[in-house]
Amino acid sequence: MAHTGTYSRCLQVWFSLVVVSVPLEQVEGVWPLPQQIHQSADRYSLSPQLFSFTYGKDSAAQAGCSVLDAAFKRYFSIIFPDFTKGAENGLHYLWPEPKPFVVSVSVKSRGCDGYPDEDSDESYNLSVSNGQAVLRSVTVWGSLRGLESFSQLVYQDDYGSYFLNKTEIVDFPRFAFRGLLLDTSRHYLPLHAILKNLDAMAYSKFNVFHWHIVDDPSFPYQSRTFPDLSNKGAFHPFTHIYTQSDVMRVIEHARMRGIRVVPEFDSPGHTQSWGKGQPDLLTPCYKGDVPSGSFGPVDPTVDTTYKFMERLLKEVKYVFPDSYVHLGGDEVSFACWQSNPNVRKFMEKMGFGKDFTKLESFYMESIMNMTAALNKTSIVWQDVFDYHERPRSKYVVEVWKQGCYLCEMRRVTKAGLKVILAAPFYLDLPIPTHSWARYYIVRPLAFRGTDEQKKLVIGGEVAMWGEYVDATNLTPRLWPRACAAAERLWSDEEKTLNADLAFPRLEEFRCQLLKRGIQAEPLFVGHCKHEYNGL
Amino acid sequence: MYCLLKFASLFLAVSVCHGWLFGDFVGKQKDLDEISLWPQPQKFQSSAVAFKLSPVRFQIVHAKESSAGPNCSLLENAFRRYFEYMFGDMKKHEKSRKKVFDSDLVELKVWVTSADPECDGYPSLQTDESYELSVDGPSAVLKAANVWGALRGLETFSQLVYEDDYGVNNINKTVISDFPRFAHRGILLDSSRHFLPLKVILANLEAMAMNKFNVFHWHIVDDQSFPYMSRTFPELSQKGAFHPFTHVYTPSDVKMVIEFARMRGIRVIPEFDTPGHTQSWGNGITNLLTPCFSGSKPSGTFGPVNPILNSSYEFMAQFFKEISAVFPDAYIHLGGDEVDFNCWKSNPDVGKFMEQQGFGTDYSKLESFYIQRLLDIVAATNKGYMVWQEVFDNGVKLKADTQIHVWKERPQYQDEMAQVTAAGFSALLSTPWYLNRISYGQDWVNVYKADPQNFTGVCHSQIKIMWIYLDLCFCSSCCFYFVKSPKISRFGEKKTTQRLFTQYTIMLCMLELTSFKEKKSCEVC
């Protein structure tokens, strides 16, 4: 008896060791954290040869759905990066019988050829059990989010075999607008850098690419209507531009990943490069009674300006399918306007007195009316709202100024306008990586206001301004710090306020990014199984 | 102060040279201010007369008078490398014109002047890296005492070549005479906190050569991991690396780094930091680290290397025997920074030992005890050593040729530099160049402004910051000043310091100083 007792205790110890070791194999979780996720220690092995994606029988989308067909192909390589067709993996013979595994995707409404928009339903349910995973969503955009989560559930053991655990996920985003701004004017970003960044955005479930495409230093957008803008305003008229087909490629690459492309044509300030290709657009600055030879913001006093803007915006409407367009309106310096006698005359005529903010509001309102007439929603930087707190038309305000950004959120929502928060997410300002937590602990809704006001906060945006950023350092400066903001904007705040708890998950996700070829910088000391290898 | 005045005159001379640079030349090709060489050579004269370089015809060759020839593989490799830097892939030049014009530059002759070109040697602290370069059609001449100077000159030459608007390679008529201000220009990479794949290290060596850096300080192991695969103690990396196969540097990896560096005139100085920063060592070597105690029981954690056991020293002797054989450089970096005394304090055996040795409760004495024994061990391998500043601050007895590596922000590094050099040691400055720190904006400016000699020491220390080819014509007066100086050093005897100083001056004089005044003035010394 005694003997048996010891034996069974031994077994028990052995057994509990096995049980303990299983969770170690498990993944730390999904980034950003799903609204609800339940995982158990039951795990299923995956064999690349016997793995497939299919459309559910009841799915509105079936084979031929461009978005999902492409996504299946993409995620297969992401899940099995070292799988090459025809190469027999000897290890599989170690497993007596590899079982097939099917991921069945069902979508309620078709919409495979459309574009994601502000009302797109990105929710999904994912259920992983023996031999199959069922992914259900309303739209294909929801399926994309679910496929991303699914891909993050798969892991490899030390022998290279693939596993995933029994999992139930119910998931939807907290905010509909989860954006990332890239600045292609201060430095030109080659097309592949933008495309690669769109990939990384999809991994973190970002859904808006805010393309700050032109600014003072250069005008790389090749306009159909005004080719001189890039001919004379780009850093180089052939190598440093985005052609129409480049832009189309970006939009399509983004669409395939459920990402909207919102272009920004910032005016009346930040337009030095526009002036090179469009004479008489900018205000001539004066020194005393004579023009000084330098130019200021767009000249808001002449009709030609508005005719030009109307034609440009009309083109933008056709080129960029998204219903939003960013009109900028930030940081307008009044000194040049003030120096110009014609502008002063115009001010007098309009009864603006000496208040140049009125002149800017006059200009912004005119071009916002143009976009409204084109059925587009305008986004503007907070300056526009600050100058004109009683808006006559509806527009979206992007809060960017440091300081009490929550106060600003409160004022904007009180005025009944939608708002996007960017102020705490200026990732181009570098801080030591391990302070990623500063982006993580942001609470976008922590201002006093009614529920109606809170609903007007449609999301947030990570900004990567280009003064010191080009293709050499874009990726490491963005990732994995942008992931912190991604989780803030997608996940339940109550479950994700503790940065210490998030750290191991983020660390693992960063290794995951490296494995997918994204040069994400380290969070702290340590190593990844697959180190960055893209040099 | 006297010295400072002398400095001023030196700067004056330099600024006169600058005036000469912008002399009246007829502008034809590239404007002179567009020619940007980095780092800026000591003497640089360029005219706007331009020559064309044809990728098909242009050659880099050994000069007839040169002591190096085609069997000098280091130079042969460098010729090929720099040819590719300048002209890129040859394939795209297949259709280049064949005809030679008068305005062509057809060759660069590399002339190594010493009897021994050092083709198969390694660069060292004493290496003369000076070179002279003259570009004038139809051929350019690069003159250097040895291959190391030739490498620096090739780099400069490659930077002189520019493409005009038609894609044709041009070079302006130029005369350069160049030598480094400091003999040790290093970059530290840390391969312990994160593993750096081999190709990253090699790519970095490439970039170093382009900037004329000449020391790769390889902080190869630390608390977090031990990627160096030791032949004598393979368990160090087996158990101490992040991964025993993928995250290690094998002996052949290390060889490759050293050879790749040698080809570029770069020394590889490994750092094996002890007694602190050694957590990863403990994984492979039992009983090497001090067991920490919680009350009267071992807590299960470990502290610095255990300085009271003979076995620690036996291990170090064997280990550093291997290191001194693997790394050819004359110096090894022994670390010695940031030793935390708490664990030693907690350990009763260490306490007993302290008592025996009469150290009282001064644990820096224990640290000194360890370091001194370690230094003896390393000295026995005929290597010189570098240590972080704490070792000096704690008053450990050091060999005269020890290099003190200054890294702390407090006290101000200027003060530390003054003290180190006043005590007669060579100082190496890193404090203002911790580039792993992140800041915003044009942060290179502060990196650029930092100057190792920007401190007020006693006069001679100005000279003694190591490896500086200063205008030594005033060293005799400095000697004089030094002897009279009331604030000679905090390290006791005037005599000792004076002896050190004399030694040092002699050492400096022994260096082959090729540039204008030094030789003469050294003779005066």
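Here the structure is a predicted model, which means the values were calculated and not measured.

### Concerning the nonpolar core
Thought 1: Core analysis: the largest hydrophobic core is formed by 132 residues, its most contacted members being A:Phe150 and A:Trp479.
Thought 2: For A:Trp479, the residues in contact, after removing those within four places along its chain, are A:Leu180, A:Asn197, A:Ala200, A:Met201, A:Ser204, A:Phe206, A:Leu513, A:Ile518, A:Ala520 and A:Glu521.

### A word on the state of the cysteines
All names here are of chain A.
Thought 1: Counted by the stated rule, this structure contains six disulfides over all chains.
Thought 2: Here Cys65 connects covalently by a disulfide to Cys112, the sulfurs 2.0 Å from one another. Between Cys65 and Cys112 the disulfide shows an S-S torsion of about -105 degrees. By sign, it is left-handed. Taken together, the positions of Cys65 in the loop between strand S2 (51-55) and helix H2 (66-79) and Cys112 in the loop between strand S3 (101-107) and strand S4 (124-129) put the pair 47 residues apart, joining distant regions of the chain.
Thought 3: Looking at Cys65, the relative accessible area reads 0%, which means it is buried.
Thought 4: Each disulfide in chain A links cysteines that, numbered along the sequence, combine into the pattern 1-2, 3-4, 5-6, 7-8.
Thought 5: Of all cysteine sulfurs, the one in Cys511 lies closest to Cys483, which takes part in no disulfide; the gap is 12 Å.
Thought 6: The buried category is assigned to Cys483, whose relative accessible area is 0%.

### A look at helix H4 (residues 191-203) of chain A
Residue and element names in this part refer to chain A.
Thought 1: An ideal rise of 1.5 Å per residue puts 18 Å on 13 residues; H4 measures up with 19 Å between its terminal C-alpha atoms.
Thought 2: H4 sits mainly inside the fold: eleven of its 13 residues count as buried.
Thought 3: Listed in full, the buried residues belonging to H4 are Leu191, Ala193, Ile194, Leu195, Asn197, Leu198, Asp199, Ala200, Met201, Ala202 and Tyr203.
Thought 4: Of the residues flanking the end of H4, it is Lys205, one or two places downstream, whose phi is positive at about 65 degrees.

### Structural notes on the side chain of A:Asp215
All names here are of chain A.
Thought 1: Mapping Asp215 onto the fold places it in the loop between strand S9 (208-212) and helix H5 (228-233).
Thought 2: A polar contact is formed between the side chain of Asp215 and the side chain of His212, at a distance of 2.6 Å.
Thought 3: Sequence-distant contacts of Asp215, defined by excluding residues within four places in its chain, comprise Ser185, Arg186, His270 and Ser273.

### Concerning the sheet that holds strand S14 (residues 377-381) of chain A
All names here are of chain A.
Thought 1: The eight strands are arranged S8-S9-S10-S13-S14-S15-S16-S17 in a closed barrel whose pairing can be described as parallel. For this sheet, the mean angle separating the axes of adjacent strands, direction not counted, is 30 degrees.
Thought 2: Inspection of the sheet shows strand S8 (residues 177-183) paired to strand S17 (residues 457-464) by six bridges, in the parallel sense. Within S17, the residue paired with Leu180 across the bridge is Val462.
Thought 3: Strands S8 and S9 of the sheet are contacted by H4, whose axis makes an angle of about 150 degrees with S9.

### What about the environment of B:Pro117?
Residues and elements named next belong to chain B.
Thought 1: Assignment of secondary structure puts Pro117 in the loop between strand S3 (107-112) and strand S4 (131-136).
Thought 2: Look at Pro117 and you get buried, because its relative accessible area is 11%.
Thought 3: Separated by 48 residues in the primary sequence, Pro117 and Gly69 have C-alpha atoms spaced 9.4 Å apart.
Thought 4: Apart from residues no more than four positions distant in its own chain, Pro117 is found in contact with Ser67, Ala68, Val112, Asn146 and Val147.

### Some thoughts on the interface of chain A and chain B
Often the size quoted for an interface is simply the accessible area lost on bringing the parts together.
Thought 1: With 18 residues of chain A at the contact, the number on the chain B side is 15 residues.
Thought 2: Surface buried jointly by chain A and chain B totals about 1400 Å² across both partners, of which 67% is contributed by carbon and sulfur atoms.
Thought 3: Between the two partners, chain A and chain B, sit zero salt bridges.
Thought 4: Counting the contacts that link chain A with chain B gives five residue pairs in polar contact (both at pLDDT 80 or more).
Thought 5: Among the residues making up the side of chain A that touches chain B, the classes are represented as eleven nonpolar, three polar and four charged.

Conventions adopted
Residues numbered from 1 in each chain as written. Chains lettered and ligands numbered in written order. Predicted model: local features only at pLDDT ≥ 70, side-chain atom pairs only at ≥ 80, totals over all residues. Heavy atoms only, no water. Core = buried A, V, L, I, M, F, W, Y, C linked by side-chain atoms within 4.5 Å. Buried < 20%, exposed > 50% of the residue type's maximum accessible area, 1.4 Å probe, protein only. Contact = heavy atoms within 4.5 Å. Disulfide = S-S within 2.5 Å. Helix = DSSP H or I, 4+ residues; strand = E, 2+ residues; numbered from the N terminus. Expected span 1.5 Å × (residues − 1). Polar contact = N/O pair within 3.5 Å; in protein donor to acceptor, adjacent residues only side chain to side chain. Pairing = 2+ DSSP bridges. Axes fitted to C-alpha atoms, helices over the stretch in contact; angles between N-to-C directions. Buried area = accessible area lost by both parts, 1.4 Å probe. Salt bridge = Lys/Arg side-chain N within 4 Å of Asp/Glu carboxyl O. Nonpolar A, V, L, I, M, F, W, Y, C, P; charged D, E, K, R; others polar.

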